[in-house]
Amino acid sequence: QVQLAESGGGLVQPGGSLRLSCAATPSGSILGFRSMGWYRQAPGKQRELVATITSGGSTNYADSVKGRFTISRDNAKNTVDLQMNSLKPEDTAVYYCNAVLIALFTYNYWGQGTQVTVSD
């Protein structure tokens with residue numbers, strides 16, 4: 001059973017940085033994912049894509065985070081990270097890790113989420 005666990009959220013001032021990490025189990029599982037990514041959901045809003053990275057290393061970012069956020073994966077550690085710089089109050093949300101596995105069907109896995117709050 002695939003499980004995703006996020007860490008690294010917290011409270012940061014505008015202009016600051018945070019690094020989120022998503023650890024997948026079982027070990028080695030991220031090698032089988034077609035893509036992994038980060039989504040976020042702010043209060044009263046729908047969940048939205050932040051960034052994704054494919055098994056081949058191709059990345060995709062929401063326009064609102066381009067140039068500020070960087071997604072990366074470490075196959076040896078079985079993790080996918082999101083480096084967030086120049087954070088803004090509008091980045092405040094619960095951030096979720098996602099993994100897509102394509103076999104006979106398409107499977108979407110989600111973590112429990114980690115809170116990011118950008119405020120003075």
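Anything mentioned here points back to the structure above.
Worth saying up front: this structure is predicted, and the values here are computed from it rather than measured. (Residues numbered from 1 in each chain as written. Predicted model: local features only at pLDDT ≥ 70, side-chain atom pairs only at ≥ 80, totals over all residues. Heavy atoms only, no water.)

Asks: I'm lost on the overall build of the chain in this one. Help?
Replies: Secondary structure summary: the chain contains zero helices and 11 strands in total. Counting from the amino terminus, helix and strand elements in the chain follow one another as β-β-β-β-β-β-β-β-β-β-β. With respect to the three principal axes, the spread of C-alpha positions in the chain is 45 × 30 × 25 Å. Expressed as a percentage of the 120 residues in the chain, the buried residues total 42%. (Helix = DSSP H or I, 4+ residues; strand = E, 2+ residues; numbered from the N terminus. Buried < 20%, exposed > 50% of the residue type's maximum accessible area, 1.4 Å probe, protein only.)

Asks: Whenever I open this one, the side chain of T52 confuses me. Can you help?
Replies: Following the sequence through the fold, T52 ends up in strand 5 (residues 48-54). Aside from chain neighbours lying at most four places away, what touches T52 is M36, G37, Y39, S58, T59, N60 and I71. (Contact = heavy atoms within 4.5 Å.)

Asks: Please explain a nonpolar patch on the surface as it appears in this structure.
Replies: Among the surface-exposed residues, L104, F105 and Y107 lie close enough to one another that they form a single nonpolar patch of about 380 Å² accessible area. Position of F105 among the secondary structure elements: in the loop between strand 9 (93-102) and strand 10 (106-110). Given the relative accessible area of 55%, F105 is considered exposed. (Patch = residues over 30% accessible without salt bridge, like charges linked within 9 Å, V, L, I, M, F, W, Y side chains within 5 Å. Areas by Shrake-Rupley, 256 points an atom, 1.4 Å probe, with all protein chains shown as cover. Salt bridge = Lys/Arg side-chain N within 4 Å of Asp/Glu carboxyl O.)

Asks: Looking at this model, I keep getting lost on the sheet that holds strand 1 (residues 3-7). Mind explaining?
Replies: The pairing of strands in a sheet happens through backbone hydrogen bonds and is either parallel or antiparallel. Spatially, the four strands line up as an open sheet ordered 1-3-8-7, and their pairing is antiparallel. Looking at the sheet topology across the chains shown, the edges are occupied by strand 1 and strand 7 (69-74). On average, each strand axis in the sheet is inclined to that of its neighbour by 15°, with strand direction left out of account. With five bridges connecting them, strand 1 and strand 3 (residues 18-25) associate as antiparallel partners. Among the inter-strand pairings, A5 is bridged to a residue of strand 3, identified as A23. (Pairing = 2+ DSSP bridges. Axes fitted to C-alpha atoms, helices over the stretch in contact; angles between N-to-C directions.)

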